[in-house]
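Geometric and topological summary
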Amino acid sequence: MILDEKGARHLLLWVVGHWLLGGAAVATVAVLYAPVPDVLAALAGLFLGVAAAVYLSLHPDLGRWATLRKRAGLRAPSFSDWGYIQLVFAVAVVWLASAATAVAVEVL
């Protein structure tokens, strides 16, 4: 993919926005349930949520996995760009983990 300066800026904002969206989920749960002041809980939750979203969107390299499977003659789903799929998947995982934590706190 060849991007001009404007396209690269939009892509960067899109990626960082997704990471911040993941951080917002954890920050919301932290503010509601952490026994610390709201500002500290929000900052810590935002930091942890962004870190989790960044890790999940970069660590398991799905593009490499699909390439290796195809080279080995095995079936691999054919998506045009695994990075975007992985980014959205990472944010969804962070949101689901945050929701599960909130439900567990309410139930227990």
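Below or above, wherever it landed, is the structure these notes cover. Just so you know, these numbers come straight off a predicted model, no measurement behind them. Here the residue index of a chain counts from 1 through its sequence in written order. In view of the model being predicted, local features appear only for residues whose pLDDT reaches at least 70, and side-chain atom pairs are presented and counted only at 80 or more, with totals across whole chains, interfaces and linings using the full set of residues. With hydrogens and water stripped out, all remaining heavy atoms of the structure feed into the side-chain values.

So, helix α4 (residues 82-107)
The criterion, for reference: Under the DSSP-based scheme used, a helix requires at least four consecutive residues in state H or I and a strand at least two consecutive residues in state E, with every element numbered from the N terminus. Multiplying 1.5 Å by the helix residue count minus one yields the expected span of that helix. Under the scheme applied here, a residue whose accessible area is under 20% of the maximum for its type counts as buried, over 50% as exposed, and between as partly exposed, the area being computed with a 1.4 Å probe on protein chains only. By definition in these notes, contact holds between two residues if any of their heavy atoms fall within 4.5 Å.
Along its 26 residues, α4 runs 37 Å from first to last C-alpha, staying within 8% of the 38 Å computed at 1.5 Å per residue. Of the residues making up α4, those classed as buried are W82, Q86, L87, A90, V91, V94, S98 and A102. On its buried face, α4 is in contact with α1 (5-33), α2 (38-58) and α3 (62-71).

Examining the side chain of Q86
Its place among the elements puts Q86 in helix α4. Not counting the four nearest positions on each side in its chain, Q86 is found in contact with L56, S57, L58, H59, P60, D61 and L62.

What to know about the nonpolar core
The tendency in soluble globular proteins is for nonpolar side chains to be buried as a group. What counts here: Nonpolar cores were defined as sets of buried Ala, Val, Leu, Ile, Met, Phe, Trp, Tyr and Cys residues, with membership established by side-chain atoms within 4.5 Å.
With five residues, the main nonpolar core is built from V15, W19, A53, L87 and V94. Residue contacts for A53: discarding those within four places in its chain leaves W19, A90 and V94.

A short note on the pattern of salt bridges
Inclusion rule: The salt bridge definition used is simple: a Lys or Arg side-chain nitrogen within 4 Å of an Asp or Glu carboxyl oxygen.
Counted according to the given criterion, the structure contains one salt bridge. A salt bridge links E5 to R9; its shortest N-O distance comes to 3.3 Å. Of this pair, E5 and R9 both sit in helix α1, separated by four residues, roughly a single helical turn. Classification of R9 as partly exposed rests on a relative accessible area of 43%.

Focus on the packing of aromatic side chains
Test applied: In this analysis, rings of Phe, Tyr and Trp, with Trp reduced to its six-membered ring, are considered paired at centre separations within 6.5 Å, and the interplanar angle assigns stacked below 30 degrees, edge-to-face beyond 60, and tilted for intermediate values.
The tally for this structure, following the rule as stated, stands at one aromatic pair. Between W14 and Y84, the aromatic rings sit 5.4 Å apart at their centres with planes inclined by 80 degrees, giving edge-to-face as the arrangement. Linking W14 in helix α1 with Y84 in helix α4, this pair joins segments that are 70 residues apart in sequence. What makes W14 partly exposed here is its relative accessible area of 34%.

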